[in-house]
Structures are given as C-alpha cells and as structure tokens.
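Observations on chain architecture
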Amino acid sequence: MSSTALKNPWPTMNRPKMILQKNEDNSYLIANMNYVTKETGLVHSRRNKGGSDSRLEGEKFNWDSVDIRVGNARLLKDDAAMNVRTNGFELVPSKISEEEINFFDQNDVIEKYYPICEGLVLKSLSNERDPKIVSVTAFDHNVRSTKQRKIENSTGAVVQQPIAVVHGDYTRVSAPRRIQDLAKPPKANDVMKSKLGMKPLLDPKKVEDAVIGKRRFALINVWRNIQKDKVVKQYPLACVDAESTCLDHLRTFQIHYADRIGENYFVCHDENHKWWYYPQMSNDEALLIKQWDSQGGLANGRDRDIEGDVCTMSLHSSLLDVTSDTNERESIEVRLVLIWDEE
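Per UniProt, the comment on the protein chain under Sequence similarities (unreviewed entry) is "Belongs to the asaB hydroxylase/desaturase family."

Have a look at this one:
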C-alpha cells in the first residue's frame, strides 16, 4: 500500500492554470481539469468540526491534470438544453424576493433561504414524466468565498474555497446512508442540530421505504451566486453530462468525521466525458445539480445510466479562470433530499 500526502490536499488556489483559453464566439473554453490517475484506489482524509480536511492519503493516489473542452450550455437550443432528469444539471431562473438574506448567517440561511430552495426544486422537478414527489427537504449547505469571510451563528462551519477537483458528492454507499442519518437525531456537525434538537429531520418510515426501493429518492444541490451586483467571472462551475459517465471512471474518497464516514467520488479521465458550464451566472438564477438518484442506472448496479432515462448524478468541478479580471467568487450550495411516492 503506497500513499501520497499533499501539503495542500485540494488543488485549488495553488494550481493557477485552469481555464487556458476561450474561443472567439464564446461557445467553448479549454480548461485544465484535476482528475485522479486510473491507478488510484481508495482515498481518505479526516474532517474536523470546522469543515477542514487533513491530508489526503490513498492507495497509488495521484492527481492527473488533463486539458478538456467545456461547452457553453447557454447556447444550446431548447430541445438540446441540459436537464436534471437525464443530464444531471439544469439552469433555472430564480429571483430571490426583496427580503434580505445574509448568506454568512447560518440561521438566516436555514430560516429564509432553505424554504426558497425547497420550493424551487419542487416546482422545477414536478412534471408528468415522474410520479408525485412527496417531500423536498433542505438539510445542509456550504458557503464558498475567495474573500476572508466568517459564518455567523455557526456551530463550527467555515467559509470554504472553491474546489477545482472533478468529483461527485455521493456514492452507492453514502447516498442511502446519508438519508438514513437524516432519519435519526442530528449528529454533532449537522447544521440542523440547533433547530431540531434530538428530533429527526426526515420521517424514518419514508426513509426506510426509500432505502429498500419502495420509494425513489434523490439528492439535489441548488448552487447560486450570492453577489447581487456581480455575475460569476471567476471559478464558474462546470458539470459532466451524466450520460457520458461510466462506473469504471469512479474512485471512492472517504471522509472520516467525528461520528460518521462520508463518501464522495473522485474521477479518472475519460475522453467521452462531455463537459458544460453556464458563463456569468447572476444572482437571479440557480444551477440544479443532481448528486444522486436511486432510479438511475449507476445507482442500480449498471456500469452507466440508460441514455434518455433518469440519470444517477452529474460530476462537477470549479474552474479557475486566469483570463478573468477578478479573483472574486461567492456562492452557496444547498443540499436537499427528495422522496417520491411509493413505486
């Protein structure tokens, strides 16, 4: 067993060459993506209550930087536009009310912004192609900023830097385990602990039905630029079309918390990956990113999702733009769990 430990475990601010060039009509850019090598095995780290990771260690673990073409998804025609159901991500209009939300105040986010995200996801994903969604519940969030910021009313959460690593937020193991955790009393580092006390966030019976396959469940992120007067120029988020992802590309990354173990996927490069991004996102729009769907092909033991059918997840990464006139990016991603009616 060999191990690689990095002084800066996440290749973000110290890896300056990410977006290498943009073509003249802005239909695509060339970016340097941080994958892992195909020889990489299980990777792991420890995360403290403040959200900081220890060094990354793993079997034959090494980064693999690859130049990738990333298409401008804003230019896609309606019939070819990306959607959460089959591609794993989608840009939707989402103007926040005039009521001020302090995104650096944890209580403000939970009380004012979580309900907005829940309503947005329910409205966006309720349609005739899917059965009835029984519940949409926000349960966690990350605030990211390139500035020196702090979280107010926090039990230990910190403002994080954008992560320029190709990854998926859940695995076959961690997705069902995460919703099972939400059907139990909150753990030490759960953002909802101060509000819920010892009360579970989710109905244990519905979660049990979801885990054994009687109900469909999904985990969706709502990603938003939180600067009202500025569009995102630095660290835009790029996503992989889920239809181009294969199980063989994925490597498990375990995060050891004080009282649980989470899992993400790191990713090996494959020339079939189809990358897209939405340039200059404003505060009045939101990016929905599917992190896991129990009805997807990958979630059900296949080596890839079925084309045109419900997908499992969208891999993603932020992109450092060396052509930008600013170093700023401030954003929030809220995590939500969806549970459907019984299948």
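A count of helical and extended segments in the protein chain gives 4 helices and 16 strands. A compact globule built from 343 residues should have a C-alpha radius of gyration of about 20 Å, and the protein chain, at 19 Å, falls within 12% of that. Within the protein chain, the proportion of its 343 residues that are buried is 56%. Taking as baseline every contact in the protein chain between residues at least 6 positions apart, the subset at least 24 positions apart corresponds to 78%. Summing over all exposed atoms, the protein chain offers an accessible surface of approximately 15,400 Å²; the carbon and sulfur share of this is 46%. One finds the centroid of the 48 positive side-chain charges in the protein chain at a distance of 4 Å from the centroid of its 51 negative side-chain charges.

An ideal rise of 1.5 Å per residue puts 28 Å on 20 residues; helix α1 (residues 106-125) measures up with 27 Å between its terminal C-alpha atoms. If you look at α1, its biggest bend is around 40 degrees, right at Tyr 113, and the proline Pro 115 turns up within four residues after that. Taken residue by residue, α1 has Gln 106, Asp 108, Val 109, Ile 110, Tyr 113, Tyr 114, Cys 117, Leu 120, Val 121 and Leu 125 as its buried positions.

Before going further, it helps to examine the nonpolar core. Core analysis: the biggest nonpolar cluster contains 34 residues, and Tyr 113, Val 121, Val 222, Leu 336 and Leu 338 have the highest contact counts within it. Secondary structure elements with two or more residues in this core: α1, β7 (133-145), β9 (215-225), β14 (285-293) and β16 (330-342). A total of 8 residues in this core trace back to one element, the largest contributor, which is α1. The residues contacting Leu 338, other than those within four sequence positions of it, are Val 121, Leu 125, Ile 133, Ser 135, Val 136, Arg 216, Phe 217, Ala 218 and Ile 220. Among the nonpolar cores identified, the runner-up in size contains 33 residues, and Met 33, Val 66, Val 207 and Tyr 277 belong to it.

Once that is clear, we can look at the packing of aromatic side chains. Under the criterion given, the structure shown has 6 aromatic pairs. A ring pair is formed by Phe 103 and Tyr 113, whose centres lie 5.1 Å apart and whose planes are at 85 degrees; its orientation type is edge-to-face. Of the two residues, Phe 103 is situated in the loop between β6 (89-93) and α1 and Tyr 113 in helix α1; the sequence distance between them amounts to 10 residues. Both residues of the pair, Phe 103 and Tyr 113, belong to the buried class.

This next bit is on empty space enclosed by the protein. This structure, assessed with the given rule, holds 3 cavities of 30 Å³ or more. Put simply, the largest cavity is a space of about 80 Å³. Lining the largest cavity are 14 residues, with Leu 182, Pro 186, Asp 190, Met 192 and Leu 201 sitting closest to its centre. Of all the secondary-structure elements, those providing two or more residues to the lining of the largest cavity are β7 and α2 (174-182). Top contributing element to the lining of the largest cavity by residue count: α2, with 3 residues. In terms of residue class, the lining of the largest cavity is made up of 8 nonpolar, no polar and 6 charged.

To continue, consider the confidence of the model for the protein chain. Averaged over the protein chain, the pLDDT score is 89; the fraction of residues at 70 or greater is 90%. Per-residue pLDDT stays below 50 along residues 1-8; that stretch engages in 17 contacts with residues further than four places along the chain or on separate chains. Here residues 12-16 is a poorly scored stretch, pLDDT under 50, and it has 14 contacts once near neighbours within four places are set aside; other chains count.

As a further point, take the sheet that holds β6. Ordered by their spatial adjacency, 5 strands build an open sheet running β6-β14-β9-β16-β7, and the pairing between neighbours is antiparallel. Of all the strands in the sheet, the pair left with one neighbour each is β6 and β7. With strand direction ignored, the average angle separating the axes of adjacent strands in the sheet is 25 degrees. Alignment of β6 against β14, held across 5 bridges, turns out to be antiparallel.

Thresholds applied
Residues numbered from 1 in each chain as written. Predicted model: local features only at pLDDT ≥ 70, side-chain atom pairs only at ≥ 80, totals over all residues. Heavy atoms only, no water. UniProt positions renumbered as here; feature names shortened; annotations may be inferred. Helix = DSSP H or I, 4+ residues; strand = E, 2+ residues; numbered from the N terminus. Rg over C-alpha atoms; globule rule 2.2 N^0.38 Å. Buried < 20%, exposed > 50% of the residue type's maximum accessible area, 1.4 Å probe, protein only. Contact = heavy atoms within 4.5 Å. Areas by Shrake-Rupley, 256 points an atom, 1.4 Å probe, with all protein chains shown as cover. Lys, Arg positive; Asp, Glu negative; His and termini not counted. Charge placed at Lys NZ, Arg CZ, Asp CG, Glu CD. Expected span 1.5 Å × (residues − 1). Bend = angle between axes of the 7 residues up to and from the residue. Core = buried A, V, L, I, M, F, W, Y, C linked by side-chain atoms within 4.5 Å. Phe/Tyr/Trp six-rings, centres within 6.5 Å; stacked < 30°, edge-to-face > 60°. 1 Å grid on protein atoms, 1.4 Å probe; cavity = no way out; pocket = protein on both sides within 12 Å on 5 of 7 lines; lining within 4 Å. Points joined across faces, edges and corners; volume = space filled by probe spheres on them. Nonpolar A, V, L, I, M, F, W, Y, C, P; charged D, E, K, R; others polar. pLDDT = per-residue confidence, 0-100. Pairing = 2+ DSSP bridges. Axes fitted to C-alpha atoms, helices over the stretch in contact; angles between N-to-C directions.

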